[in-house]
Amino acid sequence: MIKSKIQSTFKEIRRNSIAYSLALPAVIYTFIFGYLTLPYILISFQQFNYKLGIWKSPFVGFDNFKFFFLSDRAWQVTFNTIRLNFLFIVVGTAAALLLAILFNELRSRRFSRIMQSTILFPHFLSWVIISYVIYSFFAANYGLLNQTLAWLGIPQQNWYSEPRYWVPILVTVNVWKEVGISLVIYLAVIAGIDSSLYEAATIDGANRRRQIRYITLPLLMPTVIILSLLALGKIMYGDFDMIYAIIKDNGLLYPTVDVIDTYVFRALRTIGNPAQAMAVGLYQSIVGFILVFGVNTVVRKVSPDNSLF
């Protein structure tokens, strides 16, 4: 039985050798950084010593976890991380779905392609570049927004000292940068929908709004669920590149935008203990796994065809 399965696997690889060779770099990368690094999880339970290595460093139990859980900001940064990522997922998914449906309804294909390219372009910009764009808008003295407020006779704001503004600002910036890649995926799914379904709906008297509601959206839902489940797996990982590039070490904004990754980075920059960083990383991974597994279980019970596994 096992021998026949192995033989069939090798036959499949030989039959589609070109396709598997294209996937080989990703497989090698995942194997090296996803599996060969698993023994280093032991560091989170050790007083790690570079000279002794992971096999001889003394074990200290859960002492490294106390560094994070007993700190006065642990639960605040955890809440900030979950809140920001949840908003990124919900608002980003809604925006991508809306744009995909709108672009699919456009009659001018040329205009649609130009707009898709325009929306996709920010995805390829680094957060460092975007941080300077954001600063040009919100700078206290010469920012475009404050200059506009002054022209309108409205009192200017010191945006970088007001934490309450930065959750909507970061959500808006994240959606602006990342919505393009989700838009491409959803448009590809819509393009694969059988056109005969729309023709049959038209014959039955369904207008475009009803076709979107009863054909396009239901057929998009499996892709939406899969992408959302994958995003939930990283809901405990703050977008370090974005937060640190835009906020930097501005302590005035920490109450609303300081996430686990930036907090740990600042702490380890002064402490320099890799075992504590590994402990926090393990905590993030376990919570992410529980969320993905739990939400997938709920989806499988409600709609078995749309579950990830």
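Right above here is the structure, for reference.
Colleague: A description of the packing of helix 5 (residues 74-105) against helix 11 (residues 208-232) should follow, citing residues and the corresponding values.
Modeller: The geometry of helix 5 relative to helix 11 is characterised by a closest axis approach of 11 Å and an angle of 145° between their N-to-C directions. In this structure, helix 5 crosses over helix 11, and the sense of that crossing is right-handed. Residues Ile89, Thr93, Leu97, Ile101, Asn104 and Glu105 of helix 5 form the contact with helix 11, whose own contacting residues are Arg208, Ile212, Thr216, Leu217, Leu220, Met221, Val224, Ser228, Ala231 and Leu232. Of the residues contributing to the contact of helix 5 with helix 11, the split by class is 10 nonpolar, 4 polar and 2 charged.

Colleague: Which residues make up the packing of aromatic side chains, and what values do they have?
Modeller: The geometry of an aromatic ring pair comes down to the distance between the two centres and the angle between the two planes. Summed over all chains, the structure comprises 19 aromatic pairs. Ring plane angle 50° and centroid distance 5.6 Å describe the contact between Phe62 and Phe65, whose orientation is recorded as tilted. A relative accessible area of 58% places Phe62 in the exposed class. Among the residues examined, Phe65 registers a relative accessible area of 12% and is labelled buried. The interplanar angle of 45° and the centroid separation of 5.7 Å between the aromatic rings of Phe68 and Tyr283 together place this pair among those described as tilted.

Colleague: Can you break down the pattern of salt bridges residue by residue, with the values?
Modeller: Tallying each qualifying case throughout the model produces 7 salt bridges. Salt-bridge contacts for Arg15 lead to Glu12; the nearest nitrogen and oxygen are separated by 3.0 Å. With Arg15 and Glu12 both in helix 1 (residues 2-15) and 3 residues apart, this pair spans about one turn of that helix. A relative accessible area of 59% means that Arg15 is categorised as exposed. With a shortest N-O distance of 2.8 Å, Asp258 and Arg266 are connected by a salt bridge.

Colleague: Explain the packing of helix 14 (residues 260-271) against helix 15 (residues 274-302) to me, and be specific about the residues and the numbers.
Modeller: Following both chains from N to C, one finds helix 14 and helix 15 inclined at 165°, their axes separated by 10 Å at the closest point. On the basis of the axis angle, helix 14 is roughly antiparallel to helix 15. Like other packed secondary-structure pairs, helix 14 and helix 15 cross with a definite hand, here right-handed. Contacts from Ile260, Asp261, Val264, Leu268 and Ile271 in helix 14 reach Gln276, Ala277, Val280, Tyr283 and Gln284 in helix 15. Taken together, the residues of the contact of helix 14 with helix 15 break down into 7 nonpolar, 2 polar and 1 charged.

Colleague: Could you give an account of the layout of surface pockets, naming the residues involved and the relevant values?
Modeller: Roughly 730 Å³ of volume is contained in the largest pocket. Phe88, Ile89, Asn174, Glu178 and Ala231 are, among the 24 residues lining the largest pocket, the residues nearest its centre. The element that contributes the greatest number of residues to the lining of the largest pocket is helix 9 (residues 166-191), accounting for 8 residues. Of the residues contributing to the lining of the largest pocket, the split by class is 13 nonpolar, 7 polar and 4 charged.

Cut-offs applied
- Residues numbered from 1 in each chain as written.
- Predicted model: local features only at pLDDT ≥ 70, side-chain atom pairs only at ≥ 80, totals over all residues.
- Heavy atoms only, no water.
- Axes fitted to C-alpha atoms, helices over the stretch in contact; angles between N-to-C directions.
- Helix = DSSP H or I, 4+ residues; strand = E, 2+ residues; numbered from the N terminus.
- Left-handed = near helix turned anticlockwise from the far one by under 90°.
- Contact = heavy atoms within 4.5 Å.
- Nonpolar A, V, L, I, M, F, W, Y, C, P; charged D, E, K, R; others polar.
- Phe/Tyr/Trp six-rings, centres within 6.5 Å; stacked < 30°, edge-to-face > 60°.
- Buried < 20%, exposed > 50% of the residue type's maximum accessible area, 1.4 Å probe, protein only.
- Salt bridge = Lys/Arg side-chain N within 4 Å of Asp/Glu carboxyl O.
- Parallel < 35°, antiparallel > 145°, perpendicular 65-115°, else oblique.
- 1 Å grid on protein atoms, 1.4 Å probe; cavity = no way out; pocket = protein on both sides within 12 Å on 5 of 7 lines; lining within 4 Å.
- Points joined across faces, edges and corners; volume = space filled by probe spheres on them.

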